[in-house]
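Architecture and fold: a report
Each chain, written out:
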Amino acid sequence: MKKKEIGEKDIIRCLSNYENLLRDVRERIQYLYTSVATTNDVLESLQMHSGASGTFSGKKEKDLSDVWETYQENEKQYAVFLNSYITGLVEEEEELKRIWICFQCLPHIQRFVLKALYVEHKAWKMAKAELRMSHTTFSNYRTAAIKNIQNLYRSPMSDLQLLKCSRADMAKKVNLGENLKRKTSQMSLWDLENKGDTHV
């Protein structure tokens, strides 16, 4: 299944408030699941009583039957709506988690730049000073990081594969050192995802 495209605003929104966004969407899913269960109970009750004979006759019985059928139809439509809405929320949760995983997979300098700006909410001037970068260099790293998150997001790799490769890359950096990174014979996740591309 082809993954949807994500924009810069989606990435910044996720990084800026990841834990709260994730908690909110999970609480809404839980609430709606409770509503679905209640609606299903109502529908089952309606089906049990739909064949029961009424205590009225003639026009009154017909009017009551019409109201009953309308109520049943409304409950069915509401159940369909709830299930559709829950599906959308689950997709939103998956999007948030995948963006965050892709962020963790970035080369460390790119990750530090985005972390300073959007996770720690630091001003550009302060973040540049702490990382000892010029405005142009800092901006280039930020732009490359956003692009790389987008590339990783739409890659065919699963979230688990991304996490495993990310951990392997970080362990490799610790063991071999940053200066030997490009000399290793084994291609890293980043090399695989950006083979042939130019990035900062």
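Definitions and limits used
Each residue is numbered by its place in its chain's sequence as written, counting from 1. Only residues with pLDDT of at least 70 are given local features in this predicted model, and only at 80 or more are side-chain atom pairs given and counted; all residues enter the totals for whole chains, interfaces and linings. Think of the side-chain values as coming from all heavy atoms in the structure, minus any hydrogens and water. In this text, buried Ala, Val, Leu, Ile, Met, Phe, Trp, Tyr and Cys residues form a nonpolar core when linked through side-chain atoms within 4.5 Å. Three labels apply to residues, based on accessible area from a 1.4 Å probe with only protein chains included: buried if under 20% of the type maximum, exposed if over 50%, partly exposed otherwise in between. The numbering of helices and of strands both runs from the N terminus, where a helix is a DSSP run of H or I of at least 4 residues and a strand a run of E of at least 2. Only heavy atoms matter for contacts: two residues are in contact if any of them lie within 4.5 Å across the pair. Distance and chemistry together define a polar contact, namely a pair of N or O atoms within 3.5 Å, with one atom able to donate a hydrogen and the other to accept it when in protein, and with adjacent residues in sequence counting only for side-chain atoms on both sides. Here, a salt bridge means any Lys or Arg side-chain nitrogen found within 4 Å of an Asp or Glu carboxyl oxygen. Aromatic rings from Phe, Tyr and Trp, taking only the six-membered ring of Trp, are treated as a pair when their centres fall within 6.5 Å; an angle between ring planes under 30 degrees marks them as stacked, one over 60 as edge-to-face, and anything in between as tilted. Two thresholds decide whether a charge sits over a ring: the Lys NZ or Arg CZ must be within 6 Å of the ring centre and within 35 degrees of the ring normal.

1. Thoughts on the nonpolar core
Ranked by size, the top nonpolar core spans 36 residues in total, and within it I11, L96, I99, L114, I149 and L162 carry the most contacts. Elements that contribute at least two residues to this core include exactly α1 (8-16), α2 (18-49), α3 (58-104), α4 (108-119) and α6 (135-153). Excluding residues within four positions of it along the chain, I99 makes contact with I6, D10, I11, C14, I149 and Y153.

2. Some details on the side chain of Q110
Inspection of the secondary structure puts Q110 in helix α4. A relative accessible area of 0% places Q110 in the buried class. A polar atom in the side chain of Q110 sits 2.9 Å from the side chain of N148.

3. A look at the environment of G7
With respect to the helices, strands and loops of the structure, G7 is situated in the segment before α1. Looking at G7, the relative accessible area reads 27%, which means it is partly exposed. For the pair G7 and Q150, spaced 143 residues apart in sequence, the C-alpha to C-alpha distance is 7.6 Å.

4. Here we look at the pattern of salt bridges
The final tally for this structure, using the stated rule, is 11 salt bridges. Among the ionic pairs, E5 bridges to R154, the shortest N-O distance being 3.2 Å. With E5 in the segment before α1 and R154 in the loop between α6 and α7 (159-176), this pair connects stretches of sequence that are 149 residues apart. Look at R154 and you get partly exposed, because its relative accessible area is 40%. Across the salt bridge formed by E130 and K122, the nearest N and O atoms sit 2.6 Å from each other. Taken together, the shared-partner salt bridges in this structure form one network comprising R13, D24, R28 and E92.

5. Details of the packing of aromatic side chains
Scanning the model with the defined rule gives four aromatic pairs in all. Relative to Y85, the ring of F81 has its centre 5.9 Å away and its plane inclined at 10 degrees; by these criteria the two rings are stacked. Of the two residues, F81 and Y85 both sit in helix α3, four residues apart, roughly one turn of that helix. Using a relative accessible area of 36% as the deciding quantity, one classes Y85 as partly exposed. An angle of 65 degrees between the planes, with centres 5.1 Å apart, marks the rings of W124 and F138 as edge-to-face. Placement of W124 in helix α5 (residues 124-131) and of F138 in helix α6 is noted, with a sequence separation of 14 residues between them. The rings of Y18, W100 and F103 are connected pair by pair, giving a single aromatic cluster. Seen from the ring of Y153, R98 lies directly overhead, with NZ or CZ sitting 5.8 Å from the centre.

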